[in-house]
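Observations on the three-dimensional arrangement
Here is what each chain is made of, one letter per residue.
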Amino acid sequence: MEGSINILATVCVFLGFIIFILIAKTFMNKCKSLNETYVSNNKRLAFILSLINYEFKADFKSLYEIKIIKQNFILGHMNKNLQSKQILKVEKQESRNIRKRSKLARKEAATYLGIIGSDRCRKILEDAMAKEKDYSVKIYISNALTDIRNPESLKVMIPEIINTKKWYREKAISNILEFGHELQEHLISLKYSCQIEHIELCIKYANENFNEETKTYLFKFINDHEKIKGNIIAYYSRKDGNAKTDYLMNYLDADINQLLILACKTLSNYYYKEFNLPKYVTSCNPVIQTYAFYALSKENKRENFETLLSFIRSDEHEDAILSALMQMIEYNPRFLYILEDAFEAEESGIVKGRIAQILSNKIEYYILQLNTKHDARAEKIILEIIGNRKINELIEFINNNKNHDLENRLVHMFRDNLSREDGTGIELRMYLKQEFLEKWGAEPVYAKNEDRKSEKDKKLINGVFLVTLVTFLLFPCVFVLLHTDDILYSGIRDILMKYVIDFNYYLVYYSVAINFLYLALLILSYRNVKKQSKLWNLKNISMLFRQKMIPSVSIIAPAYNEEKTIVESTKSLLNLNYPEYELIIVNDGSSDGTLNTLIKTFNLIRVDYPYTSQLGTAPIMGIYRNPSLPKLVVVNKSNGGKADSLNAGLNVAKKTYFCGIDADSLLEPDALLKLASLTLDESVEIPALGGNIFPINGCTVDKGAITKINIPGNRLAGFQTIEYLRAFMAGRLGWEKLNCLLIISGAFGLFRKDRIVEIGGYLSQKGKYKKDTVGEDMELVVRISQRMHEMKHPFKIRYSFNANCWTEVPEDFSSLRSQRFRWHRGLIDILFFHRKMIFNPKYGKTGCIGLPYFLIFEMIGPMIELQGYLMVALAILFGIINIQIALLLFASVILLGIIVSLASLLIAEREKQYFSIRDLMKLIVYAIVENLGIRQMMSLWRFRGQISVMFGNTGWGQIKRKGQQMEQTVKSINEG
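Residues numbered from 1 in each chain as written. Predicted model: local features only at pLDDT ≥ 70, side-chain atom pairs only at ≥ 80, totals over all residues. Heavy atoms only, no water.

Per UniProt, the comment on the protein under Sequence similarities (unreviewed entry) is "Belongs to the glycosyltransferase 2 family." (UniProt positions renumbered as here; feature names shortened; annotations may be inferred.)

Below, the structure written as structure tokens:
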């Protein structure tokens, strides 16, 4: 007994020593300057640059410039040093590295050889590209050759796009196109090729380089399109038995059609005089004909206008004809007279409606004509426009009109011709100003949020009750089985004391298990951070900003009663460092001034914005835009919840990926760039990616940007800071390394749009599954994993250690308790909804590792912990707790928990120093103190959340928000 106590004491001392080392290491890192940290993380790069250019100084500024501009740009005087022995030695070393088994080593070698840029390096890279099998490595080699930019490399780069996956081909072609006019002589031999990759390269080259040869190629492609398509299909049909060929065949029709669209678009934009000939305008191919219409609209001629007008009866080309005619009227308003005559002469109601849609952009002009001799015709046109529900400009005009005579004339027209009760009448009553409605004799209509109370899920309630009952009965049953003889011959007090002692050991076993699991994840996280850090430092801006290199993104920010924070958040999101994105703010039926604040601040107007309702949602009541802010789209809809709002945003989104973010959150300027850049690091599909969430409470925010990072002054928010660091740095990065990541925070996640639409979007009452959930972020990732496993399609869910989003966390116990209730209810709902996946080998690591972990340690765990804490209290009360149990509990519950928290803090500050010395000291105290009551309180709240599920409570709960202006350190927008 004494020997075991000595061993336990030694273990506790050892763990204490590790805690001391972690604290010391954290402060030692703080002693390093930003310059030292950056140079330390880029030692190899700095060494190579200093060999190439003796004048190069390895500091933060110089290395950062390498990342911002093209990597070999500042090395203009390097040739004289290329023959040095050290350079030759580096070249030989990197030539060996590029053949290593490690993909990271090969990517590093490719980057460094590209920086040296000698002819020897070029040949090494070309040879490596021809032999390389991994697409993610090929991207780095391709980028290195592009930076060197020797035309000889094209002889290797062009053949290497053959029979490759589409995502890689797009990026490789983007690199090839960087060679510009030097590429053309290599394309001459490809113009008769039947390989889809060669045709794609030629058409994309012609889209960026305009000369007679490229024009001739484009016209030949569309003139002989059917013949070329047949040749392509015949070419690939002959190549049977090749998996890559099968892949191409699956997408061949879509790829050929996309190339035809690109070719026609280029001809319509740049060679429209040759493309608006009758043979194209009357083509049997709908794509060619559509873009020929656009080509006609580019020339401001009456005969072109009349030709387009003659096709207005075509159902197939309705959108193209209307768009082309609208464009011509914008260039030349005199064409209005032709359209007005056609309107009056037309007998078909459908065609009249189409003409009215074209004229709707000029509705203000026709309203002004109501007080002229042409008032009868103007009234007919206005009524037809209203009948087609093109009323946004009309509402805008009436609400801003100061001319009483004109207003009275409109009122008279409304009284005589419009119903107040049909769909158009209700929409007008919803948005027109009060004074006009009174004159019209109509009552205003106010948007009502739907009652979203869902019925109790009896199966879920029964399932949770059963799990809870089994968990509480499990340990007594185990105790009875192990101590049957003692129970038969002992008194109740003795049995109870024996059970209390045993359960203390159960708690120790549980605590050791979960903390060792965390430590294992921590080791994986450290390795992951180290790898991600190296890969991020290899990527320069010229690489990331090349066309199609990283995906275009629609940022969707649902907002419900976010009046206090919405302006700062929107400004922050409009100023991200990213090549191609749009921002969609979805106002989810807010009852405060969220929508009006956006409209006034950003000068928005309600517009007719085309979108496709692929996912069921609560009704969209209006879309607002400002032409001078093309990235911003504001959607106003009835209340349906966060998941419903994200689905509405998905319907409106136009980009390849979408980023779900909370409207009260702020992204760091390069956060989205860091997150999306992870798509370059894998050779399999990445349907979802996540980033860090940090508390913004206490930070200084000015004009939507964080100017100074401070930890929250509020202690409760401070404890959440260390909790968030532990969850993201130790947990999610480790799970990502195992390819078992199942949670991407709803505050900051990036998803492939087509995959999400394919699986039915977020769970909501209006969606595919007719079900709401409060854990929509985790549920979506689980459903993606389920779909990908069922398709047997290789994939990875990625997580970025350095892409940061800052959001407000609760500062009072009531709000924090509500939040934790909701999180745990969401977890239970998801586990029950996807119960068939748990322990199911069909779903790989997700079913066998990820979901079982959440079931055992996250759902059932709090019940075990609470029973354990109760037994510890009873042991102390009965005076039966001994030194051995006390030391075991101290080591497993307290010390290991502190180690995990401190190690997470150390990992977080590996690349960037977030916190001051003072804040670090506070966080270290929080990391220690949270194990003495705070974490136990969280377990209690999670268990209470489980109890609330059994009573059918599935709501969101209320969280008080103070906004980003809550601290004195945060500047108000007026100061900006």
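From this point on, the discussion continues.
Concerning the side chain of Glu 865
Within the element layout of this structure, Glu 865 appears in helix 42 (residues 861-878). Arg 942 provides the closest opposite charge to the buried, salt-bridge-free Glu 865, at an N-O distance of 5.2 Å. Among the polar contacts listed, one links the side chain of Glu 865 to the side chain of Ser 939, at a separation of 2.6 Å. Once residues lying within four places of it in the same chain are set aside, the contact partners of Glu 865 are Leu 507, Tyr 510 and Ser 939. (Helix = DSSP H or I, 4+ residues; strand = E, 2+ residues; numbered from the N terminus. Buried < 20%, exposed > 50% of the residue type's maximum accessible area, 1.4 Å probe, protein only. Lys, Arg positive; Asp, Glu negative; His and termini not counted. Salt bridge = Lys/Arg side-chain N within 4 Å of Asp/Glu carboxyl O. Polar contact = N/O pair within 3.5 Å; in protein donor to acceptor, adjacent residues only side chain to side chain. Contact = heavy atoms within 4.5 Å.)

A word on the pairing of strand 10 (residues 705-708)
Direction of pairing for strand 9 (residues 700-702) relative to strand 10: antiparallel, over a ladder of three bridges. When the sheet's bridge partners are listed, Asp 702 is paired in strand 10 with Ala 705. Once strand 9 ends, the chain turns through two residues before running back antiparallel as strand 10, passing Lys 703 with a positive phi of about 55 degrees. (Pairing = 2+ DSSP bridges.)

Observations concerning unusual backbone geometry
With a phi close to 55 degrees, Asn 561 is a non-glycine residue in the positive phi region. Looking at where Asn 561 falls in the secondary structure, it is placed in the loop between strand 1 (553-559) and helix 33 (566-573). Positive phi is not limited to glycine here, since Lys 792 has a value of about 55 degrees. Structurally, Lys 792 is set in the loop between helix 39 (776-791) and strand 12 (795-807). For Lys 792, a relative accessible area of 75% puts it in the exposed group.

Some thoughts on the packing of aromatic side chains
A ring pair, where both rings are aromatic, is described by two values, the distance of the centres and the angle of the planes. Counted by the stated rule, this structure contains 36 aromatic pairs. Measuring from ring centre to ring centre gives 6.4 Å for Trp 167 and Tyr 168, while their planes differ by 85 degrees; the resulting arrangement is edge-to-face. Judged by relative accessible area, which is 22%, Trp 167 ranks as partly exposed. Among the residues examined, Tyr 168 registers a relative accessible area of 1% and is labelled buried. (Phe/Tyr/Trp six-rings, centres within 6.5 Å; stacked < 30°, edge-to-face > 60°.)

As for the environment of Phe 857
Position of Phe 857 relative to the elements: it lies in helix 41 (residues 844-859). When the C-alpha atoms of Phe 857 and Tyr 510 are compared, they prove to be 9.0 Å apart, with 347 residues separating the residues in sequence. In this structure, Phe 857 is in contact with Tyr 510, Ile 514, Leu 517, Pro 862 and Arg 942, ignoring residues within four places of it in sequence.

Digging into the sheet that holds strand 6 (residues 657-661)
Strands pair in a sheet through their backbones, by hydrogen bonds, and they do so in one of two ways: parallel or antiparallel. Pairing is mixed in the open sheet, where 10 strands are placed in the order 3-4-5-2-1-6-11-8-12-7. Looking at the sheet topology across the chains shown, the edges are occupied by strand 3 (605-607) and strand 7 (666-667). Summarising the sheet, strand 7 and strand 12 pair through two bridges and their orientation is antiparallel. Each bridged residue has a counterpart across the sheet, and for Leu 666 the counterpart in strand 12 is Trp 806. Strands in contact with helix 39 are strand 8 (685-695), strand 11 (748-752) and strand 12; relative to strand 12, the strand with the most contacts, it is inclined by about 165 degrees. (Axes fitted to C-alpha atoms, helices over the stretch in contact; angles between N-to-C directions.)

Quick word on the side chain of Gln 369
Positionally, Gln 369 belongs in the loop between helix 23 (363-368) and helix 24 (375-387). Separated by 2.9 Å, the side chains of Gln 369 and Tyr 365 make a polar contact. Filtering out sequence-adjacent residues up to four positions away, Gln 369 remains in contact with His 374, Asp 375 and Ala 378.

Re a nonpolar patch on the surface
Judged by side-chain polarity, Phe 14, Phe 17, Phe 20 and Ile 21 come together as a nonpolar surface patch covering roughly 440 Å² of accessible area. Its place among the elements puts Ile 21 in helix 1 (residues 2-31). (Patch = residues over 30% accessible without salt bridge, like charges linked within 9 Å, V, L, I, M, F, W, Y side chains within 5 Å. Areas by Shrake-Rupley, 256 points an atom, 1.4 Å probe, with all protein chains shown as cover.)

Section: the packing of helix 7 (residues 119-131) against helix 8 (residues 135-148)
At a minimum axis separation of 10 Å, helix 7 and helix 8 run at an interaxial angle of 150 degrees. Accordingly, the angle class assigned to the pair helix 7 and helix 8 is roughly antiparallel. Classified by chirality, the crossing of helix 8 by helix 7 is left-handed. Of the residues in helix 8, those in contact with Arg 122, Leu 125, Glu 126, Ala 128 and Met 129 of helix 7 are Lys 138, Ile 141, Ser 142, Ala 144, Leu 145 and Ile 148. Tallied by class, the residues present in the contact of helix 7 with helix 8 amount to seven nonpolar, one polar and three charged. (Parallel < 35°, antiparallel > 145°, perpendicular 65-115°, else oblique. Left-handed = near helix turned anticlockwise from the far one by under 90°. Nonpolar A, V, L, I, M, F, W, Y, C, P; charged D, E, K, R; others polar.)

With respect to helix 33
Within helix 33, seven of the eight residues are buried, which leaves it mostly tucked inside the rest of the structure. Three or more residues of helix 33 are buried, namely Ile 566, Val 567, Glu 568, Ser 569, Thr 570, Ser 572 and Leu 573.

What about the pattern of salt bridges?
With the rule as written, the count across this model stands at 56 salt bridges. Beyond isolated ion pairs, a larger network of salt bridges with shared partners links Glu 685, Arg 752, Asp 754, Arg 755, Glu 758 and Arg 787.

Notes on the environment of Met 863
Relative to the helices and strands, Met 863 is located in helix 42. The sequence separation of Met 863 and Leu 940 amounts to 77 residues, and the corresponding C-alpha distance is 8.3 Å. Sequence-distant contacts of Met 863, that is, excluding residues within four places in its chain, are made with Thr 468, Thr 471, Phe 472, Phe 943 and Gln 946.

Examining the pairing of strand 8
Of all 11 residues in strand 8, 11 are buried, a share of seventy percent or more. Two strands pair when backbone bridges link them, and strand 8 and strand 12 are joined in this way by eight bridges, in the parallel orientation. Residue pairing in the sheet places Leu 689 in a bridge with Arg 798 of strand 12. Across three bridges, the pairing between strand 8 and strand 11 is antiparallel. Pairing of Leu 689 across the sheet is with Leu 750, part of strand 11.

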